[in-house]
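Listed below are the residues making up each chain.
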2 protein chains.
Amino acid sequence: MKVKWKYSYLKKDMDAIEHTLRQLVTTEQPILHAASLKLLEAGGKRFRPVFVILGAKFGKYQLQSIKNVAATLELIHMASLVHDDVIDEAKLRRGKETINEEHGNKIAMYAGDFLFARALESMSEIEESKAHQRLADTILEVCLGEIEQIKDKYNFKQNLRCYLRRIKRKTALLISASCEIGAIASGAELKFQTVLKKYGYYLGMSYQIMDDILDFTSSDKELGKPAGSDLLQGNITLPVLFAMENPTLHEKIIKVNENTSVEYMKSLIEDIKKSGSIDRARDISDRYLDKALSSIKDLPKGEAKSMLITIAKNIGKRKS
Amino acid sequence: MKVKWKYSYLKKDMDAIEHTLRQLVTTEQPILHAASLKLLEAGGKRFRPVFVILGAKFGKYQLQSIKNVAATLELIHMASLVHDDVIDEAKLRRGKETINEEHGNKIAMYAGDFLFARALESMSEIEESKAHQRLADTILEVCLGEIEQIKDKYNFKQNLRCYLRRIKRKTALLISASCEIGAIASGAELKFQTVLKKYGYYLGMSYQIMDDILDFTSSDKELGKPAGSDLLQGNITLPVLFAMENPTLHEKIIKVNENTSVEYMKSLIEDIKKSGSIDRARDISDRYLDKALSSIKDLPKGEAKSMLITIAKNIGKRKS
């Protein structure tokens, strides 16, 4: 997905947030500093900061406080990625060696804790207790989602409801919270807070479904990790759930475990791509996008609303 | 150490905090719930909640808000224990199987995250941003301390300064923060906040040194884990640092690694006990206690101050 804000009115603010993030991962502890900086520099779309800014644009926008809120949401996201990679025993993230791969699981566990602690530090000057409450609720749900994800690994009997609940916790709630907390922190009207929270939720659901699709349809290079990694790691995503409705594919899919060969996976990925399940998953993603777009129809017109619409429209087209 | 508050004017408030803690570890996720409850029920001295209460007694004391702050500090402590046990590959905690031993490192990592998230939730209604800032700073330091602890494991060349910095981060800062945040949250005068912060720091240093001594002098049963566990796990504590000044003991100590036999450890523990290094460590602990006691001499008289004194005086006498 093209990062549109690079050319937009958000550029200056996103640069300031990037600077804040760099300051926040700075520490005298050399391993932690190197590991955190590497993850930060590997990129990522800075999706959550963008949504914090856009949410805040519906209130009294002040970059000085909003940039800290934006950094908080990004750092929480990063912390959860680091702990996720431990669970998944992932070797690559954003095309670079993961912290667990480079330094082992224990350092990775504390690196996640460190990023989390920095996230709280960045948020601690915000006065609105509602913002802290929403943040705490969200972190809790994200954490519960991660535990569910361990339990659901290689569980080929799970249903659509289980998948949707998992991606809600894994992705949608943090994006939803980014939009809403941005609005809360800038003192936006309650009705705008509610609308932005909904938008973020629908958009996040759509985004994660697309992410799960791209794990099959993108190249290793575009993904920064091998295609089909999710399934190989036992994460049963929407295209897989649909593909399993076909008895032959079902047989083939339930044989997957962490030792499955590259050849087997390549052949299976092709089968899943041919099965029509990718298109069905895309339909569901599109339905969430439609809901995201219609949820914000009553927001006041302006550049912020335009960007929310643009981002939603681009989710469906993204390639990585 | 006898838990004096059971018979004191803190009983009612501590019962309320216990109830709050039970509510906070409740979750529909069965493994998390069971693991957290087991850790909670295994006991612990609830030292941090006691200090939050006592700190708050120097301001406008309101149990309704203070009990949440107290629960936050205890949950952060519990979360750090859970992650510590992963690092130490500890099998027992408070006489019970650790979460990593029972459910594996991954579940333990997320159980720590869960307790941490609940800690934030409990604190999120507190309005004073200074309390949030102090909490965030403390969490960050605790986290950095944990990383240092990994680095310092089996490092027999570390010095006293290194040890003191580590126990400051590991224990003293969280106790110091408990006293101070209690005072902040109840709107106590700034000068009282400062005094309580200092008291907590000195007391915490003394407490941890005593803890490190008890690892040698207590029975397995009193400790709830094998005596000498710290050294076996590579945590170089004050009695060990002093013992290493003796060349013969130095030779014997630097041979310890995670595979050292029970017999070797038993003999080594006896040698360390005979070397006089326990008494020297106790002297340092006592010096911190004296500082703790003299730091609060200007606090207004009353039951809270009496308890702060009683606790300090009992630290030196505790057996477990």
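In this text the structure is predicted, and so the values were computed from the model without any measurement.

Trainee: Which residues make up the overall build of chain A, and what are the values?
Mentor: Summing up its helical and strand segments, chain A has 16 helices and two strands in all. The C-alpha atoms of chain A give a radius of gyration of 19 Å, which matches the 20 Å a tight globule of 320 residues would have. Dimensions of chain A, computed from the C-alpha atoms along their principal axes, are close to 55 × 50 × 35 Å. Looking at chain A residue by residue over its 320 residues, the buried ones come to 59%. Across chain A, the fraction of contacts at a sequence separation of at least 24, relative to all contacts at a separation of at least 6, is 75%. A total of about 13,300 Å² of accessible surface is found on chain A, and carbon and sulfur atoms cover 50% of it.

Trainee: Lay out the interface of chain B and chain A in plain terms, naming residues and giving numbers.
Mentor: Contacts between the two partners involve 38 residues from chain B, matched on the other side by 38 residues from chain A. There are two salt bridges connecting chain B and chain A. When the shortest N-O distance is used, the salt bridge between E89 of chain B and K106 of chain A registers 2.7 Å. Seen at the junction of chain B and chain A, the total is 10 residue pairs in polar contact (both at pLDDT 80 or more). Secondary structure elements with two or more residues in the side of chain B that touches chain A: α4 (63-88), α6 (105-123) and α7 (129-152) of chain B.

Trainee: With reference to specific residues and values, describe the packing of helix α8 (residues 160-185) of chain B against helix α9 (residues 190-217) of chain B.
Mentor: Residue and element names in this part refer to chain B. The contact between α8 and α9 brings their axes to 7 Å, and the two run at 140°. By the criterion of interaxial angle, the relationship of α8 to α9 is oblique. Here α8 and α9 pass one another in a crossing that is right-handed. The class makeup of the residues in the contact of α8 with α9 is 15 nonpolar, six polar and five charged.

Trainee: Can you lay out the environment of K60 of chain B for me, pointing to particular residues and giving the numbers?
Mentor: All names here are of chain B. Within the element layout of this structure, K60 appears in the loop between α3 (47-56) and α4. With relative accessibility at 71%, the residue K60 sits in the exposed group. Each C-alpha atom of the pair K60 and A188 lies 6.9 Å from the other, and the pair is 128 residues apart in sequence.

Trainee: Break down the pattern of salt bridges for me, citing the residues and quoting the values.
Mentor: Using the criterion set out here, one finds 40 salt bridges over all chains in the structure. For K12 of chain B, the salt bridge identified is with D13 of chain B, shortest N-O distance 3.8 Å. On the basis of relative accessible area, K12 of chain B is assigned to the exposed category, the value being 62%. Each of E18, R46 and E74 of chain A takes part in salt bridges that share partners, so that together they form one network.

Trainee: Please provide a residue-by-residue account of helix α1 (residues 11-24) of chain B, values included.
Mentor: Given 3.6 residues to a turn, an α-helix orients residues that are three or four positions apart in the same direction. Residue and element names in this part refer to chain B. Taking 1.5 Å as the rise per residue, α1 with 14 residues should run 20 Å; its terminal C-alpha atoms sit 20 Å apart, in good agreement. Buried within α1 we find D13, M14, I17, T20, L21 and L24. Burial along α1 is one-sided: seen end-on, the buried residues are contained in an arc of 115°. Those residues of α1 that are buried are in contact with α2 (30-41), α3, α4 and α6.

Trainee: Any chance you could break down the relation of the copies chain B and chain A for me, citing the residues and the numbers?
Mentor: Aligned on chain A, chain B shows an RMSD of 0.0 Å; the corresponding rotation is 180° and the shift along the axis is 0.0 Å. The superposition of one copy onto the other is thereby described by a two-fold rotation axis. Mapped onto chain A, 100% of the interface residues of chain B are again interface residues, and the two copies thus contact each other with one and the same surface.

Trainee: Give a detailed account of the side chain of S124 of chain B, specifying residues and quantitative values.
Mentor: Residue and element names in this part refer to chain B. Here S124 shows up in the loop between α6 and α7. Under the relative-accessibility criterion, S124 is labelled buried at 3%. A distance of 2.8 Å separates the side chain of S124 from the backbone oxygen of E121, its partner in a polar contact.

Trainee: Go over unusual backbone geometry, please, and point to the residues and values.
Mentor: Within the chain, E89 of chain A stands out as a residue other than glycine whose phi angle is a positive 50°. For E89 of chain A, a relative accessible area of 48% corresponds to the partly exposed category.

Trainee: I'd like to hear about the packing of helix α6 (residues 105-123) of chain A against α7 of chain B, residue by residue, with values.
Mentor: Remark: α6 of chain A packs on α7 of chain B, axes separated minimally by 8 Å, with the N-to-C direction vectors making an angle of 165°. On the basis of their axis angle, the class for α6 of chain A and α7 of chain B is roughly antiparallel. Where α6 of chain A crosses over α7 of chain B, the handedness of that crossing is left-handed. In this structure, α6 of chain A uses K106, I107, Y110, A111, D113, F114, A117, R118, L120 and E121 of chain A to contact α7 of chain B, whose residues at the interface are A136, D137, I139, L140, C143, L144, E146, I147 and I150 of chain B. Tallied by class, residues from the contact of α6 of chain A with α7 of chain B come to 13 nonpolar, no polar and six charged.

Trainee: Which residues make up the confidence of the model for chain A, and what values go with them?
Mentor: Scored by pLDDT, chain A has a mean of 91; 97% of the residues are at 70 or more. Here the complex is predicted with pTM 0.87, and the ipTM for its interfaces comes to 0.80.

Trainee: Please set out a negative patch on the surface residue by residue, giving values where relevant.
Mentor: A grouping of E125, E127 and E128 of chain A together with E125, E127 and E128 of chain B is seen on the molecular surface, where their side chains present a negatively charged patch. Relative to the assigned elements, E125 of chain A resides in the loop between α6 and α7 (129-152).

Trainee: An account of the environment of L24 of chain A is requested, with residue identities and associated values reported.
Mentor: All names here are of chain A. With respect to the helices and strands, L24 occurs in helix α1 (residues 11-24). The spacing of L24 and L115 is 91 residues in sequence and 8.4 Å in space, taken between C-alpha atoms. Excluding residues within four positions of it along the chain, L24 makes contact with A71, L75, F114, R118, E121 and S122.

Trainee: Run through the packing of aromatic side chains, naming residues and quoting values.
Mentor: Applying the stated rule across the entire model yields 13 aromatic pairs over all chains. Summarising the aromatic geometry, the rings of F47 of chain A and Y207 of chain A are spaced 4.6 Å apart at their centres and angled 35° between planes, so their arrangement reads as tilted. Placement of F47 of chain A in helix α3 (residues 47-56) and of Y207 of chain A in helix α9 (residues 190-217) is noted, with a sequence separation of 160 residues between them. For the pair formed by F47 of chain A and Y207 of chain A, the shared burial category is buried. Ring centres of F116 of chain A and F116 of chain B lie 5.2 Å apart, and the angle between their planes is 50°; on these two criteria the pair is classed as tilted. Taken together, the residues span two chains, with F116 of chain A in helix α6 and F116 of chain B in helix α6. Residue class for F116 of chain B comes out buried when judged on its relative accessible area of 12%. One aromatic cluster is present, formed by F47, F51, Y199 and Y207 of chain A through successive ring pairs.

The rules behind these values
- Residues numbered from 1 in each chain as written.
- Chains lettered and ligands numbered in written order.
- Predicted model: local features only at pLDDT ≥ 70, side-chain atom pairs only at ≥ 80, totals over all residues.
- Heavy atoms only, no water.
- Helix = DSSP H or I, 4+ residues; strand = E, 2+ residues; numbered from the N terminus.
- Rg over C-alpha atoms; globule rule 2.2 N^0.38 Å.
- Buried < 20%, exposed > 50% of the residue type's maximum accessible area, 1.4 Å probe, protein only.
- Contact = heavy atoms within 4.5 Å.
- Areas by Shrake-Rupley, 256 points an atom, 1.4 Å probe, with all protein chains shown as cover.
- Salt bridge = Lys/Arg side-chain N within 4 Å of Asp/Glu carboxyl O.
- Polar contact = N/O pair within 3.5 Å; in protein donor to acceptor, adjacent residues only side chain to side chain.
- Axes fitted to C-alpha atoms, helices over the stretch in contact; angles between N-to-C directions.
- Parallel < 35°, antiparallel > 145°, perpendicular 65-115°, else oblique.
- Left-handed = near helix turned anticlockwise from the far one by under 90°.
- Nonpolar A, V, L, I, M, F, W, Y, C, P; charged D, E, K, R; others polar.
- Expected span 1.5 Å × (residues − 1).
- Arc of directions from axis to C-beta.
- Least-squares fit on C-alpha atoms with pLDDT ≥ 70 in both.
- pLDDT = per-residue confidence, 0-100.
- Patch = residues over 30% accessible without salt bridge, like charges linked within 9 Å, V, L, I, M, F, W, Y side chains within 5 Å.
- Lys, Arg positive; Asp, Glu negative; His and termini not counted.
- Charge placed at Lys NZ, Arg CZ, Asp CG, Glu CD.
- Phe/Tyr/Trp six-rings, centres within 6.5 Å; stacked < 30°, edge-to-face > 60°.

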